[in-house]
Amino acid sequence: MFTTAATHNKTQSEQVRCLYTVIETELSQAQIQLNITRKRVKNINFRLKPYQLSVSAPYFVSDVDIINALSKRLDWVVNHHTELLKRHQQKQQLGGHHSNTSSKNGLSPIKLWGETQNRVMSEAERLHWYRYELQSVMPELFQKWQPVVGKVANETRIKKMSTRWGSCNTKAKRIWLSVYLPAFPLPCTEYVIVHELCHLHQANHSPAFWHEVKRSMPDYKRWHDMLAGKSGIVD
Ligand SMILES: [Zn+2]
């Protein structure tokens, strides 16, 4: 990782300083903050979290040994961090995560109808707010889309669903929407309403069903794709 001809002539401490610079540069390029602490532990331990690598080392281990151990782990850390971030971001978009650790000030942006909001709130506050916002647009949106789809729901509700954006009980004609929908642009919620109303025509996901969705909302795919992969399925 750090073997150039020039380094052979350097003293050990110079080499270690260089190595440390390389490690620091690579970590900061990967947006990872490094924290090294001495503890009453037996081994050098690494703990990787989004945007942070914590290293705890025993008191008897030298700085050189810590830096060498770090250097050996560096590739793993950077690669693993990419995976970790991906999962972390998916979780956040899902909403099933406390809003912290994401950006430099320790707070992740809160979105409403796809727009980043300049405010800070707890997960519970966010869900309360989303419920309120969704509740206030739902009657209007159902009134808008029911005549287009040609079906009417008997009952609509907001549910805390983390794996589905909506669901439809076709017998009771009852439609549930996920409380997390207000994180996305409004047409995403409209699409979920259209999707669930179309299940009152077709209970399955047959070509006839998708034909119905497309007839009602020609640009549905854009909104469908925006939600897909964020929280599994629209059922
Ligand atoms: Zn469906």
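This structure is a prediction, so every number in the text was calculated from the model and none was measured. (Residues numbered from 1 in each chain as written. Predicted model: local features only at pLDDT ≥ 70, side-chain atom pairs only at ≥ 80, totals over all residues.)

Before going further, it helps to spend a moment on unusual backbone geometry. With a phi angle near 50°, Trp-113 is a residue other than glycine that sits in the positive phi range. Looking at the secondary structure, you find Trp-113 in the loop between β4 (110–112) and β5 (115–117). Since 17 C-beta atoms lie within 10 Å of it, Trp-113 is described here as partly exposed. The phi dihedral of Lys-173 falls on the positive side, at around 55°, and the residue is not glycine. Residue placement: Lys-173 occurs in the loop between β7 (166–169) and β8 (174–178). Classification of Lys-173 by C-beta neighbours within 10 Å gives partly exposed; the count is 16. (Helix = DSSP H or I, 4+ residues; strand = E, 2+ residues; numbered from the N terminus. Buried ≥ 20, exposed ≤ 12 C-beta atoms within 10 Å, placed from the backbone.)

Before going further, it helps to examine helix α6 (residues 220–227). Those residues of α6 that sit buried are Tyr-220, Trp-223 and Leu-227. In an axial view of α6, the angular spread of the buried residues amounts to 75°, which keeps them on one side of the axis. Where α6 is buried, its residues meet α4 (186–198) and α5 (207–216). Looking one or two residues past α6, Gly-229 carries a phi angle of roughly 85°, positive in sign. (Arc of directions from axis to C-beta. Contact = placed C-beta atoms within 7 Å.)

So, about the nonpolar core. Grouped together as the largest cluster of nonpolar side chains are 26 residues, with contacts concentrated most on Leu-181, Cys-188, Tyr-191, Val-192, Val-194, Leu-197 and Tyr-220. Taken together, the elements giving at least two residues each to this core come down to α3 (123–149), β8, α4 and α6. Here this core gets seven residues from one element, more than from any other, and that element is α4. Of all hydrophobic cores here, the second largest spans seven residues; its members include Ile-32, Val-55, Ala-57 and Leu-70. (Core = buried A, V, L, I, M, F, W, Y, C linked by C-beta atoms within 7 Å.)

So, about α5. Listing the buried residues of α5 in full gives Glu-212, Val-213 and Ser-216. The arc enclosing the buried residues of α5, seen along the axis, measures out at 100°, which places them on a common side. Buried positions along α5 lie against α3, α4 and α6.

Let's shift gears to the sheet that holds strand β6 (residues 155–159). Two strands in a sheet stick together by hydrogen bonds in their backbones, pointing the same way (parallel) or opposite ways (antiparallel). The strand order across the open sheet formed by three strands is β6-β8-β7, and the pairing between neighbours is mixed. Taken across any chain shown, the strands that pair with only one partner, and hence form the sheet edges, are β6 and β7. The mean angle between the axes of side-by-side strands here comes to 20°, regardless of whether they run parallel or antiparallel. Inspection of the sheet shows β6 paired to β8 by five bridges, in the parallel sense. When the sheet's bridge partners are listed, Lys-159 is paired in β8 with Ser-178. α3 contacts β6 and β8 of the sheet and is inclined by roughly 155° relative to β6. Across the sheet, α4 is in contact with β7 and β8; its angle to β7 comes to roughly 20°. (Pairing = 2+ DSSP bridges. Axes fitted to C-alpha atoms, helices over the stretch in contact; angles between N-to-C directions.)

So, about the packing of α4 against α6. For the pair α4 and α6, the least separation of the axes is 9 Å and the interaxial angle reads 105°. By the angle between their axes, α4 is roughly perpendicular relative to α6. Mapping the contact onto sequence places Pro-187, Cys-188, Tyr-191 and Val-194 in α4 and Tyr-220, Trp-223, His-224, Met-226 and Leu-227 in α6. Per-class residue counts for the contact of α4 with α6 are eight nonpolar, one polar and no charged. (Parallel < 35°, antiparallel > 145°, perpendicular 65-115°, else oblique. Nonpolar A, V, L, I, M, F, W, Y, C, P; charged D, E, K, R; others polar.)

Quick look at the pairing of strand β3 (residues 52–58) now. Alternating residues of β3 divide into Leu-53, Val-55 and Ala-57, all buried, and Gln-52, Ser-54, Ser-56 and Pro-58, none buried. Alignment of strand β1 (residues 33–39) against β3, held across seven bridges, turns out to be parallel. Residue pairing for β3: Ile-36 is matched across the bridge by Val-55. Here strand β2 (residues 45–49) runs beside β3; their pairing, made up of five bridges, is antiparallel.

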